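If you want the building blocks of each chain, they are given just below.
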Amino acid sequence: MTLGRDTTLRTHKIGRHGLVASVQGLGTMGMTAMYGTPDETEAIRTVQRAVELGVTMFDTADMYGPFTGEELLGRALTPALKARRHELIVATKGGGVTLDGAGRIVGGPNGRPAYLRASVEGSLRRLGTDRIDLFYLHRVDPEVPVEESFGALAELVAEGKLRYLGISEASPASIRAAHAVAPLSAVQTEYSLFSRTVEVNGVLDTVRELGVGFVAYAPLGRGFLTGAVRSVRDLPPEDFRRTAPRFADANLGQNLSLLDGIVATAETLGVTTGQLALAWVLAQDGVTALPGTKRRTWLDQNIAATAIHLAPATVAALSAVIPVGAVAGDRYTPIGMASVQE
């Protein structure tokens, strides 16, 4: 391992269609939902600190809150968007669930063209911008051919409301079908030492073949890879991870035993466990890391991981510590798993 002295956050190309962003973005889901009580003031300061540190990709979705995630990100980025709009990538997602006008979840994934158009218009208003730089179909609607969904999104690109397109938690077949209609710039799927299905189900092979970028969300295993969660009692009462199978008592003991090897390696190298986990993701060919955080303290630690350069032998050794398929429990509850394509 080498630890770089240059703390400048580098950028890279994501896909073949002109999208460029920092190698590490900022996921904002936890700022308004899912991970305990929100702190809007600290969340806004975290987004603005990320801009100062060189982060250029900021990721949200209409279902975060719902709606409040986009509203918060829009407010937080207002000064930067006025001064540096051409540098920043505002990314959001729609179609993951069906939302009514009041922001209530009234159904599952929705890829109908009319719904996606309305979703984009709502996201533009909440984000306070005239264009969305990267828009993902959040989940594939099993009732709507993905070609129809991306036909509608391609029209919105032609109208200038969207710049680049992506798809989240999609199978190789869905990725290919969408890409054939409207060129994809990014596929976003959970990926970390804790979640490596994309290495064996054809997703990584497919995006590399097609020249599509890969954005890894939850690269810290939803906090598990930081070593901070030893029991569900370490989580706030309203934290969604209390219902996540991998954090359940029946699975957590086995998963913690896997983590021990990562902790030992991090101690040997003189970095935090979370930084080592992020460095492993960043060492994968063409992958953009998208850790989520709502506090500046953790943001600073995450950004510091971009200066860690792991030798190929170290990357391989870490991969062997938590082999594909070794983690106990699904990523989501059965309802959540039903909406992802593995």
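Report follows, based on the coordinates. (Residues numbered from 1 in each chain as written. Predicted model: local features only at pLDDT ≥ 70, side-chain atom pairs only at ≥ 80, totals over all residues. Heavy atoms only, no water.)

**Some remarks on the packing of aromatic side chains**
And then number 1: Considering all chains together, one arrives at 5 aromatic pairs under this definition.
And then number 2: A centroid spacing of 4.3 Å and a plane angle of 10° characterise the contact between Phe194 and Phe224, whose relative ring orientation is stacked. Taken together, the residues Phe194 in the loop between β11 (186-190) and α6 (203-210) and Phe224 in the loop between β12 (213-217) and α7 (249-269) connect sequence positions 30 residues apart.
And then number 3: The class for Phe224 is buried, based on a relative accessible area of 1%.
And then number 4: Arranged with centres 6.1 Å apart and planes meeting at 80°, the rings of Phe224 and Phe247 form a pair that is edge-to-face. In this pair, Phe224 is assigned in the loop between β12 and α7 and Phe247 in the loop between β12 and α7, connecting sequence segments 23 residues apart. (Phe/Tyr/Trp six-rings, centres within 6.5 Å; stacked < 30°, edge-to-face > 60°. Helix = DSSP H or I, 4+ residues; strand = E, 2+ residues; numbered from the N terminus. Buried < 20%, exposed > 50% of the residue type's maximum accessible area, 1.4 Å probe, protein only.)

**Observations concerning the environment of Ser123**
And then number 1: Inspection of the secondary structure assignment puts Ser123 in helix α3 (residues 113-127).
And then number 2: The buried category is assigned to Ser123, whose relative accessible area is 0%.
And then number 3: C-alpha separation for the pair Ser123 and Thr60, spaced 63 residues apart in sequence, amounts to 9.9 Å.
And then number 4: Excluding anything up to four places from it in sequence, Ser123 contacts Asp62, Glu70, Thr92 and Ile132. (Contact = heavy atoms within 4.5 Å.)

**Some points on unusual backbone geometry**
And then number 1: For the bond from Gly65 to Pro66, the omega torsion is -10°, close enough to zero to count as cis.
And then number 2: Tracing the backbone shows Pro66 in the loop between β5 (57-59) and α2 (68-84).
And then number 3: Positive phi values are uncommon outside glycine, yet Ala218 reaches one of about 50°.
And then number 4: Within the fold, Ala218 resides in the loop between β12 and α7.

**Considering the nonpolar core**
Where a protein is soluble and globular, its nonpolar side chains tend to be buried together.
And then number 1: If you look at the biggest cluster of nonpolar residues, it comprises 86 residues, and the most contacted ones within it are Phe58, Phe150, Ile167 and Phe214.
And then number 2: Tallying contributions element by element places helix α8 (residues 273-282) first for this core, with 7 residues.
And then number 3: The residues touching Phe150, leaving out its near neighbours within four places in the chain, are Leu137, Leu165, Gly166, Ile167, Ala178, Val181, Ala182 and Leu184. (Core = buried A, V, L, I, M, F, W, Y, C linked by side-chain atoms within 4.5 Å.)

**What to know about the pattern of salt bridges**
A side chain with one charge may pair with a side chain of the opposite charge, provided their charged atoms come close.
And then number 1: Evaluation of the coordinates by the stated rule reveals 23 salt bridges.
And then number 2: Linking Arg131 and Asp130 is a salt bridge whose minimum nitrogen-to-oxygen distance equals 3.7 Å.
And then number 3: Judged by relative accessible area, Arg131 falls into the partly exposed class, the value being 21%.
And then number 4: Take Asp130: its relative accessible area is 56%, and that puts it in the exposed class.
And then number 5: Here Glu342 ties to Arg331 by a salt bridge, and the two come within 3.1 Å at their closest N and O atoms. Highlighted residues: Glu342 in the segment after α11 (334-337) and Arg331 in the loop between α10 (312-321) and α11, separated in sequence by 11 residues. (Salt bridge = Lys/Arg side-chain N within 4 Å of Asp/Glu carboxyl O.)

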